[in-house]
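Reading the structure
Given next are the chains, with one letter for each unit.
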Amino acid sequence: MSIVYADNNATTQVAPEVVQAMTPYLGEQYFNPSSMYEAARVPAKAIADARATIARLLGGVRPDEILFTSCATESNNAAIFGAVKANPARRHVITTAVEHPAVLNVCKELERDGLEVTFLPVDARGRLDVADLVRALRRETLLVSIMHANNETGVIFPIAEVARITKETDPGIVFHTDATQTVGKLRIDLTGELAHVDMLSFSGHKLHAPKGVGALFIRRGTRCRPFLVGGHQESGRRGGTENVPYIVGLARALELAAETHESTEERIHHLRGHLEAELTARIPLLQVNGGEAERLSNTLNISCHFIEGEGILYQLSEHGICASSGSACTSGSLEPSHVLSAMKVPFTAAHGSVRFSFSRYNTEADVDRILAVFPGIVSNLRRLSPYWDVQRGCPRPEAEHMLRSPDGD
Amino acid sequence: MTWEYTEKTMQLFMDAVHGKPSSHMGEIADPDGFGEHGSIACGDALRFTFRTERDPSDPLRDRIVEARYLTFGCTSAIAASEALCAIIEDKKCSPVEALEITNRDIVDYLGGLPEAKIHCSVMGAEALEAAVFNWAIRRGVDLAALGIDITRQEQDEGRLVCKCFGLSEPYLRRKIRELNLRSITQITNAVKAGGACTSCHHAPGGLQDLLDEAWGKQPTTMVSTPSLPIGPQPAGGEPELSPYQLAKRVEKVLDEDVRPKLQHDGGDLEIVDIKGMLVYCRLQGVCATCAGATSTIKLMVEQALKDRVDERIRVINV
């Protein structure tokens, strides 16, 4: 049975062109780019070219503003801890309640170190209220870190606007965005629309490069101290021998994303729209999380009230379909998704959320395979649920009040 | 995290979702015993019912002949519910004898459960116990006279230790001993306590204290330290006017000079916040959607405020 891979916000298939670009550097071009002999020129040039390509594709920034890292988590750690270290006089950080753990838990770590952190809320549609950011800004704020798009719901935050407001308030505040879900999916223009962004993180494996490589954009003049201290690599801002093949792969992947952007965007948008419309029509009491906000074209996060997500994923897996869930049983914690909780999604739905996320390799046939089995999987589990009335195809009367959000609104 | 379930667990789950005849999915109408455990907020819930063959003379000799469940929960919660029903139907025992079935029996029936899923088996045992107590009331059986402590569920009322899952101190104290739980991780895996916000782990009277009380104090290496919030301070420069006076003046100027002009064109302006000399404004009505007007209006508002309130004022569009 062939696999339907619809979990591209988790990781992506490596593009064959990327593998091809990387191969020489896994073979004969093994030299350390920092070495002095002639042979080392080839990998050194490969890194310089990769840096220039990425700088160009992020809106024509300077190549020396691009730092290579091992993953987006490292980029986020480097950005946040680096900014905190460089600004010891300020002790306040602003982020959101729905960040990826690579930002959220770093900020919680800062709290343990004695800094104060404001976690901005989102509304039921997953959107940020810019006025909340305005009210949170203070004289001792040193960093604002807000993700570009949410990995679970795909909801896009108005980064251009919040970065501008932050920098207009106080140019001394560093503005960082975790763009792991948007680089390769949205056009990133760090000299135009996003000119107020000081730092931007992303990784390779979300855009068809392999795992183990990421990057951090640091605008020239941004106060930030090195996180991984070591040799002189990356102009002394990130020690460690450069991961030549992976850096080459990252640049190639970003090139491919730019080349295919238009056609992919249109096709994926259609695939997601088709899946969403059909599922909504065929399954009673299904809600689309983040569906009323501006969101990534590739992401569909749905909740089937009164059933649990893990059982859905397990059955999807039996049919060769890969997706993910915000249910407590799949998270390693006992709490359902912190993103859906922040959106005050009722418990009846938070535990039953399923995320489908597409890439340029998905096809209409994939969507058909999902549609062929998903409604049946939901009704199988609802038949087992103590809250569902199978005969009437709706919740039991005593369970209806649970459909309200935890706050009762 | 991928699935690490036994063949048996997966088999029972798939049979249940496909409604195989061997499955115990369902609910007995007018049951002889009825018990529930868990809630939708906690992520799993089980409704357990059984039917007995009544002994005409002695209720203690009633035999459980049929058991059914409805479960909201993950793969292993559903499989554990199946296991519970299968074990009981196999035993053909009396409800009182059924109380001897523990969560361990359910785990063994499944051929093991991942540590983090042990709570699924505990849920089964708890629902069974509740159903037997329910049967005793229906049949007028005095379990206390048989030496069974039926008041323990009421005794579980008390101070909440784990607020996320609503678990009380007496309940946790009892479960730590009954299930021989020796660490916070084991408590979380078995009854979920401490599995969400984790704030009860090392709080006074929290999970570690209950463990120490039950098993004696163990040397600890990790102590969580509370965060040290730093109080807010005003932002921006130091105006001669108090912040209140400045805000009043800003409002006055906007009301007199600016808003009438905007309203005349079908727009308006709202002050979101004032920090020191920074005034955050949001345009409304037709102005909000007019890209060209934004910068012009910003300049107009800023100039009016500079002229009439303080020349250091800056306006930021929100």
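In this text the structure is predicted, and so the values were computed from the model without any measurement.

Cut-offs applied
Residues numbered from 1 in each chain as written. Chains lettered and ligands numbered in written order. Predicted model: local features only at pLDDT ≥ 70, side-chain atom pairs only at ≥ 80, totals over all residues. Contact = placed C-beta atoms within 7 Å. Helix = DSSP H or I, 4+ residues; strand = E, 2+ residues; numbered from the N terminus. Axes fitted to C-alpha atoms, helices over the stretch in contact; angles between N-to-C directions. Parallel < 35°, antiparallel > 145°, perpendicular 65-115°, else oblique. Left-handed = near helix turned anticlockwise from the far one by under 90°. Nonpolar A, V, L, I, M, F, W, Y, C, P; charged D, E, K, R; others polar. Domains from an automatic or database assignment.

Re the interface of chain A and chain B
Listed by partner, the interface residues are 42 residues for chain A and 42 residues for chain B. Elements supplying a minimum of two residues to the side of chain A that touches chain B: helix H4 (101-112), helix H5 (130-136), helix H6 (159-169), helix H8 (309-318), helix H9 (328-331), helix H11 (347-350) and helix H12 (364-384) of chain A.

Description of the packing of helix H3 (residues 72-86) of chain A against H4 of chain A
When two helices pack together, their arrangement is given by the angle between the helix axes and by the axis-to-axis distance. Residue and element names in this part refer to chain A. Following both chains from N to C, one finds H3 and H4 inclined at 30°, their axes separated by 9 Å at the closest point. One element, H3, and the other, H4, form an angle in the roughly parallel class. Viewed along their axes, H3 and H4 form a crossing whose handedness is right-handed. For the pair H3 and H4, the contacting residues are Ala 72, Thr 73, Asn 76, Asn 77, Ile 80 and Val 84 in the first and Ala 102, Val 103, Val 106 and Leu 110 in the second. Considered class by class, the residues forming the contact of H3 with H4 number seven nonpolar, three polar and no charged.

Section: the domain arrangement of chain B
All names here are of chain B. Each assigned domain of chain B is listed here: domain 1 (7-143), domain 2 (155-215) and domain 3 (243-317). Of note, the centres of domain 1 and domain 2, computed from C-alpha atoms alone, are 24 Å apart. The interface of domain 1 with domain 2 comprises six residues on the first partner and five residues on the second. Of the residues contributing to the side of domain 1 that touches domain 2, the split by class is four nonpolar, one polar and one charged.

Here we look at the domain arrangement of chain A
All names here are of chain A. By the assigned domains, chain A splits into domain 1 (16-257) and domain 2 (261-403). Once you take the C-alpha centre of each, domain 1 and domain 2 turn out to be 31 Å apart. Listed as interface residues are 19 residues of domain 1 and, on the opposing side, 19 residues of domain 2. Broken down by class, the residue content of the side of domain 1 that touches domain 2 amounts to nine nonpolar, five polar and five charged.

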